[in-house]
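Chain residues, written in single-letter form:
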Amino acid sequence: MTGRELERAWRGREPGLLGRKHACAVLCPFVETAEGLRLLFEVRAPSLRRQGGEVCFPGGRMEPGETPEQCALRETMEELSIPAEHIRLLGRSDYLCQPGKFSLQPIPALVDGAGLRAVRPSPAEVAETFTVPLSFFQETPPEVFVYTLEPKIPPDFPYDAVNASPDYRWEAGEAEVPIWRWEGRAIWGLTGRIVKNLLETLGSVPL
């Protein structure tokens, strides 16, 4: 291998997340109503293998060559039947990652009235949809729980080979789980963290 080949390997390369197995994107749909802005959510069909019955935003895994925006629009059409022409993309919010698994890019967007009227949930993926006033999130602090991320090291790890002792202090961490309750539903987990970040961007995090 030559120096020029090294240059070609990185020239124009878009950096990704180290260790990521796949990338995902979700649309964060704001809708304008006479009473003010609301956020549109869906409830995952109970038959789904993962997170069935949970509240989420429309979205999913990015296909090869897709941008996060293209993925979010495609998934929103597939899940809710909202055409792209009724969605105005607003930018990119901060993304999340599950170490060693996936990254998740939220895409804030404004859905017009025709888009909201066009909502037809896909029964295979979506049980129902609902909206929540943005003011509710702005005025209501979430319940916040914290869980510990603890490394689990295999018993045959070769400490000698890496010049480390068996009492090596592996890095641990913590993760927040914000929960909002709205009319018998819970907005929590990754979706709750996305909502919290949207509020932070808007400068309106409830204390």
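Up top is the structure these notes are about.
Conventions used here
- Counting starts from 1 at the beginning of each chain's written sequence and moves along it residue by residue.
- Where totals are concerned, whole chains, interfaces and linings use all residues; where local detail is concerned, this predicted model gives features only for residues with pLDDT of at least 70, and gives and counts side-chain atom pairs only at 80 or more.
- Note that water and hydrogens are dropped before the side-chain values are worked out from all heavy atoms of the structure.
- For this document, the term salt bridge refers to a Lys or Arg side-chain nitrogen within 4 Å of an Asp or Glu carboxyl oxygen.
- Runs of H or I in DSSP of at least four residues are treated as helices and runs of E of at least two as strands, each being numbered from the N terminus.
- Exposure is judged per residue with a 1.4 Å probe applied to protein chains only, and the accessible area is read against the type maximum: over 50% gives exposed, under 20% gives buried, and values in between give partly exposed.
- Like charges within 9 Å and nonpolar side chains (Val, Leu, Ile, Met, Phe, Trp, Tyr) within 5 Å are joined into patches, using only residues over 30% in relative accessible area that form no salt bridge.
- Exposure was quantified through the Shrake-Rupley algorithm and a 1.4 Å probe, taking into account, for residues, occlusion by the shown protein chains and nothing else.
- Side-chain atoms within 4.5 Å link the members of a nonpolar core, which is a set of buried Ala, Val, Leu, Ile, Met, Phe, Trp, Tyr and Cys residues.
- It only takes one pair of heavy atoms within 4.5 Å for two residues to be counted as in contact.
- For the purpose of charge, His is not counted, nor are the chain termini; Lys and Arg are scored as positive and Asp and Glu as negative.
- A single reference atom marks each charge: NZ on Lys, CZ on Arg, CG on Asp, CD on Glu.
- A pair of strands is labelled paired if DSSP reports no fewer than 2 bridges between them.
- Only Phe, Tyr and Trp rings take part, Trp by its six-membered ring, and two of them pair if their centres are within 6.5 Å. Stacked means planes under 30 degrees apart, edge-to-face means over 60, and tilted covers everything else.
- Note on geometry: axes are lines fitted to C-alpha atoms, helical ones only across the stretch in contact, with angles between N-to-C directions running from 0 to 180 degrees.

Q: I'd love a proper account of the pattern of salt bridges, names of residues and values included.
A: Considering all chains together, one arrives at 8 salt bridges under this definition. In this structure, E69 and R92 form a salt bridge, with 2.7 Å as the shortest nitrogen-oxygen distance. On the criterion of sequence distance, the pair formed by E69 in helix α2 (residues 68-80) and R92 in the loop between β5 (87-89) and β6 (96-98) is long-range, its members being 23 residues apart. In this structure, the salt-bridge partner of E200 is K196, at a minimum N-O distance of 3.0 Å. Taken together, the positions of E200 and K196, both in helix α5 (residues 189-202) and 4 residues apart, correspond to about one turn of that helix. E200 sits in the partly exposed class, given a relative accessible area of 38%. Because the salt bridges share partners, they merge into one network encompassing E63, E66, R74, E75 and E78.

Q: Tell me about a nonpolar patch on the surface, residues and numbers included.
A: Residues M1, L6 and W10 make up a contiguous nonpolar surface patch of roughly 430 Å² in combined accessible area. Residue position: L6 is located in helix α1 (residues 3-10). Among the residues examined, L6 registers a relative accessible area of 41% and is labelled partly exposed.

Q: Can you tell me about the nonpolar core, naming the residues and giving the values?
A: One finds F41, F137, I187 and V195 to be the most contacted residues of the largest nonpolar core, which totals 25 residues. Going through the elements one at a time, β1 (22-33), β2 (36-44), β7 (102-111), β8 (126-133), α4 (134-139), β10 (173-182) and α5 are the ones with two or more residues in this core. Setting aside residues no more than four positions away along its own chain, F41 makes contact with V55, C56, F57, E128, T129, F130, V132, F137, I187, T191 and V195. The next biggest cluster of nonpolar side chains, apart from the first, holds 13 residues, and it includes A72, L80, I107 and A109.

Q: Can you tell me about a positive patch on the surface, naming the residues and giving the values?
A: Judged by side-chain charge, K21, R49, R50 and K101 come together as a positively charged surface patch. Structurally, K21 can be placed in the loop between α1 and β1. Exposure remark for K21: the relative accessible area of 66% places this residue in the exposed category.

Q: Lay out the pairing of β1 with the relevant residues and their values.
A: Where burial is concerned, most of β1 is hidden: 9 out of the 12 residues are buried. Strand direction decides the pairing type here: β1 and β7, joined by 10 bridges, are parallel. Residue pairing for β7: C24 is matched across the bridge by L104. Strand direction decides the pairing type here: β1 and strand β4 (residues 59-61), joined by 3 bridges, are antiparallel. Bridging from a neighbouring strand, A25 pairs with G60 of β4. With 4 bridges joining them, β1 and β2 adopt antiparallel strand pairing. Bridge pairing in β2 places F30 opposite L39. Linking two consecutive strands that pair antiparallel, namely β1 and β2, is a turn of 2 residues.

Q: Help me get a handle on the packing of aromatic side chains, residues and values and all.
A: Within the structure shown, the criterion is met by 9 aromatic pairs. Summarising the aromatic geometry, the rings of F41 and F137 are spaced 6.0 Å apart at their centres and angled 55° between planes, so their arrangement reads as tilted. Note that F41 is positioned in strand β2 and F137 in helix α4, a separation of 96 residues in sequence. Note on F41: relative accessible area 0%, which makes it buried.

Q: Break down the sheet that holds strand β11 (residues 185-187) for me, with residues and values.
A: Read from one edge of the open sheet, 3 strands run β9-β10-β11, paired in antiparallel fashion. The open sheet is flanked by β9 (143-149) and β11, the only strands paired with a single partner. Shown here is a sheet whose adjacent strand axes are inclined to one another by a mean of 30°, direction ignored. As defined by bridge partners, β9 adjoins β10 across 7 bridges and the pair is classed as antiparallel. Considered in β10, the bridge of T148 is made with E174. Docked against the sheet, α5 engages β10 and β11, running at close to 85° with respect to β10.

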